[in-house]
Amino acid sequence: MRADLVSVLRCPVCADGLELTDRTARCGQGHAYDLAKQGYLNLLPSASNGIEGDSAEMVEARSVFLAQGWYEPIREALIESLPPITSAAPLVVEVGAGTAYYLAGVLEAGNKQHAEGASSNVPSAIHTRPAAQLSTWRGIAVDVSRYAARRAAKVDAAIGSVVGDAWRELPVRDGVADVVLDVFAPRNAGEMARVLTPGGTLLVVTPNQAHLGELIDVLGMVSVDGEKERRLVESLAGFDRVGQRVVESTMRLDHGAIEQLVGMTPSARHVDKQARSERIGVLADPTDVTLSVTVSSWRTA
Ligand SMILES: C[S@@+](CC[C@H](N)C(=O)[O-])C[C@H]1O[C@@H](n2cnc3c(N)ncnc32)[C@H](O)[C@@H]1O
Ligand SMILES: [Zn+2]
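Thresholds applied
- Residues numbered from 1 in each chain as written.
- Chains lettered and ligands numbered in written order.
- Predicted model: local features only at pLDDT ≥ 70, side-chain atom pairs only at ≥ 80, totals over all residues.
- Axes fitted to C-alpha atoms, helices over the stretch in contact; angles between N-to-C directions.
- Helix = DSSP H or I, 4+ residues; strand = E, 2+ residues; numbered from the N terminus.
- Parallel < 35°, antiparallel > 145°, perpendicular 65-115°, else oblique.
- Left-handed = near helix turned anticlockwise from the far one by under 90°.
- Contact = placed C-beta atoms within 7 Å.
- Nonpolar A, V, L, I, M, F, W, Y, C, P; charged D, E, K, R; others polar.
- Pairing = 2+ DSSP bridges.
- Expected span 1.5 Å × (residues − 1).
- Buried ≥ 20, exposed ≤ 12 C-beta atoms within 10 Å, placed from the backbone.
- Arc of directions from axis to C-beta.

A. Looking closely at the packing of helix H2 (residues 56-67) against helix H9 (residues 255-263). H9 packs onto H2 with a crossing angle of 135 degrees between their chain directions and a minimal axis gap of 8 Å. It follows that H2 is oblique to H9 by the angle criterion. For the pair H2 and H9, the crossing hand works out as left-handed. Contacts from Glu57, Met58, Ala61, Val64 and Phe65 of H2 reach H9 at Ala257, Gln260, Leu261 and Gly263. Its residues placed into classes, the contact of H2 with H9 shows six nonpolar, two polar and one charged.

See the structure below:
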């Protein structure tokens, strides 16, 4: 992990900033964390030991499914929702980042903007300045699953991958993130607000009721409840919603893609693999499946 990425992190024990020397991140109080050989940093507070993030199989299924591009419209909507960014080296923190698919896409779009300077062929929301003044975008991927962290560490040298617990204090310094992403992941409003720069933006992706509707009953997947809007607003106390867009498409998924899609959700834990394959077997091949999510933008009140 690059030293400039370690410098935006903080110690999970004493909250002092971390700095990288050789392959060890250290705080001023002498706490030390070795980089894993796969390149990520484990900053999980000891109180979170044993907490279950995505398993190796779930992360693998997610990686294969996302690589097929079915959720590309979500990634595009996130890019289009980016606020104007004025910092010299924009930092995006993704909480519950999984394989860092969305984070990588956002950084790539930011860097493309960087390369193109003031060219008009990019979303107007991204701030344009003369290319010479811009540094490249950087990201921190936080996930409680070390399997996810391993993947995220390999995606892009501009991404620092960290094992951390969203329900505790994020291992990120105060006020460093221009943007925080939360895509189908736990939302800890207080911590997300703390790591954002003043005026920074939180982008949240939540499923709508129609999302994957064709699969829910057949496959015993967890459905989206009707109280989702209330829960979203309650979970983001201290933030104001400043925008939202609905993303919808129909995905024509073959049985293999459905296996991966179900395999990457929490439902994978409840239904065993063979039962899942049998249930998928009764579906048409391919089956049209609805993608329906909302991307919302939030700023601290
Ligand atoms: C539904 S997945 C979404 C992953 C990624 N955002 C995406 O959409 O591809 C939820 C992710 O949150 C992670 N997660 C669950 N509980 C967490 C926690 N307490 N802290 C950090 N990450 C957590 C899981 O390991 C998993 O990678
Ligand atoms: Zn410390």
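B. Quick look at the sheet that holds strand E6 (residues 138-143). Ordered in space as E4-E7-E6-E5-E8-E9-E11-E10, the eight strands form an open sheet in which the pairing is mixed. Of all strands in the sheet, those with a lone pairing partner are strand E4 (41-42) and strand E10 (239-253), marking the two edges. In the packing of helix H3 (residues 72-80) onto the sheet, contacts are made with strand E8 (177-183), strand E9 (196-207), E10 and strand E11 (287-300), and the angle to E10 comes to roughly 155 degrees. Seen against the sheet, helix H5 (residues 146-155) touches E4, E6 and strand E7 (159-163) and runs at an angle of roughly 170 degrees to E7.

C. Spatial organisation of H2. In a regular helix each residue adds 1.5 Å, so 12 residues correspond to 16 Å; H2 covers 17 Å between its end C-alpha atoms and thus fits that length. When we look at burial in H2, the residues that qualify are Met58, Val59, Ala61, Arg62, Phe65 and Leu66. Buried residues along H2 cover an arc of 160 degrees about the axis, so they all sit on one side. Two residues or fewer past H2, Gly69 is found with a positive phi of approximately 90 degrees.

D. Summary view of unusual backbone geometry. Going from Asp285 to Pro286, the amide bond is cis rather than trans, its omega being 5 degrees. For Pro286, the position within the fold is in the loop between helix H11 (273-281) and E11. Positive phi, normally seen in glycine, also occurs at Ala100, with a value near 65 degrees. Counting through the fold element by element, Ala100 comes out in the loop between strand E5 (91-95) and helix H4 (101-116). With a phi close to 50 degrees, Phe184 is a non-glycine residue in the positive phi region. Looking at the secondary structure, you find Phe184 in the loop between E8 and helix H6 (189-195).

E. Representation of the sheet that holds strand E2 (residues 24-26). If you trace the three strands from one edge of the open sheet to the other, you get E1-E2-E3, paired in antiparallel fashion. Strands with a single pairing partner mark the edges of an open sheet, and in this sheet they are strand E1 (19-21) and strand E3 (32-34). Between one strand axis and the next, the sheet turns through 30 degrees on average, direction left out of account. Where E1 and E2 come together, three bridges link them in antiparallel fashion. Bridge pairing links Thr21 to Thr24 in E2.

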